[in-house]
Amino acid sequence: MKNNTAFRFTYFTHKYDETCAFYTNKLGLNRAFSWDRNEHDQGSLFNAGVGLIEVLHLPRDKEKFISGLDYRPPQGAFMAIEVYDIDERFEKYKELDVRFKQEIVDQAWGHRSFSVADPNGIVLFFFEDKNQI
């Protein structure tokens, strides 16, 4: 049996180009794959730790919606991304004028972390586990 250890956090956005630019130009995430089959089928995959962030362009025509999927903007969801260079990443993002939801802080449970929000309001919580160093 294959051991699947990766995740894919997927959501639709009407800010597709702005969101992709944020992940590549501001956060420096690698765009692993993109497609543009037509105006109703566009997407990009970004590497984030052992998983992927999948950004999908919200179809303009509701008749193109696939039953079983939720096309509403995400609310209350966030991504926690473990990194091993938290201080360097924080400084780099400051230099790139990334707006922080929370500046870097040492958490009581041993994590050092900060968070940012993408153009859709999705919070990305970057952390380093200081207990594992």
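These remarks concern the structure in this document. (Residues numbered from 1 in each chain as written. Predicted model: local features only at pLDDT ≥ 70, side-chain atom pairs only at ≥ 80, totals over all residues. Heavy atoms only, no water.)

1. A few points about the overall build of the protein
Helix and strand content of the protein: 2 helices and 8 strands. Taken from the N to the C terminus, the helices and strands of the protein come in the order β-α-β-β-β-β-α-β-β-β. Along the longest, intermediate and shortest principal axes, the C-alpha atoms of the protein span 50 × 45 × 25 Å. Counting only residues that meet the buried cut, the protein has 41% of its 133 residues in that class. Taking the contacts inside the protein whose residues are at least 6 apart along the sequence as the reference set, 48% of them involve residues at least 24 apart. For the protein, the computed accessible surface area is about 8,600 Å², with 48% contributed by carbon and sulfur atoms. (Helix = DSSP H or I, 4+ residues; strand = E, 2+ residues; numbered from the N terminus. Buried < 20%, exposed > 50% of the residue type's maximum accessible area, 1.4 Å probe, protein only. Contact = heavy atoms within 4.5 Å. Areas by Shrake-Rupley, 256 points an atom, 1.4 Å probe, with all protein chains shown as cover.)

2. Some details on the sheet that holds strand β1 (residues 8–13)
Taking strand neighbours across the sheet as the criterion, the 4 strands line up as β1-β4-β3-β2 in an open arrangement whose pairing is mixed. The sheet is open, and its two edges are formed by β1 and β2 (31–38), each paired on a single side. The average angle at which neighbouring strand axes cross in this sheet is 15 degrees, direction not considered. When strand β3 (residues 41–48) meets strand β4 (residues 51–57), the two strands line up antiparallel, connected through 6 bridges. Residue Asn47 lies in a different strand from β4, and its bridge partner there is Leu52. Where helix α1 (residues 16–26) meets the sheet, its contacts fall on β1, β2, β3 and β4, and the angle it forms with β3 comes to roughly 20 degrees. (Pairing = 2+ DSSP bridges. Axes fitted to C-alpha atoms, helices over the stretch in contact; angles between N-to-C directions.)

3. A look at helix α2 (residues 86–95)
Within α2 the residues assigned to the buried category are Ile86, Arg89, Phe90 and Tyr93. In an axial view of α2, the angular spread of the buried residues amounts to 100 degrees, which keeps them on one side of the axis. In α2, the exposed positions angled more than 90 degrees off the buried face are occupied by Glu88 and Glu95. (Arc of directions from axis to C-beta.)

4. As for unusual backbone geometry
Glycine aside, residues mostly have negative phi, and peptide bonds are mostly found in the trans state. Non-glycine residue Asp97 carries a positive phi angle of around 60 degrees. Within the element layout of this structure, Asp97 appears in the loop between α2 and β6 (100–106).

5. Focus: the packing of aromatic side chains
What the rule picks out here adds up to 13 aromatic pairs. Feature note: the residues Phe90, Tyr93, Phe100, Phe114 and Phe126 constitute an aromatic cluster, connected by ring pairs. (Phe/Tyr/Trp six-rings, centres within 6.5 Å; stacked < 30°, edge-to-face > 60°.)

6. Focus: the pattern of salt bridges
Oppositely charged side chains are able to pair whenever their charged atoms sit close together. Overall, the coordinates contain 8 salt bridges when judged by the stated rule. For Asp87, the salt bridge goes to Arg112, with nearest N and O atoms at 2.8 Å. One end of the pair, Asp87, is in helix α2; the other, Arg112, is in strand β7 (residues 111–117), with 25 residues separating them in the sequence. With relative accessibility at 30%, the residue Asp87 sits in the partly exposed group. Asp106 is the partner of Arg112 in a salt bridge, and the nearest nitrogen-oxygen pair spans 3.0 Å. In the salt-bridge network here, residues are joined through shared partners; they are Asp87, Asp106 and Arg112. (Salt bridge = Lys/Arg side-chain N within 4 Å of Asp/Glu carboxyl O.)

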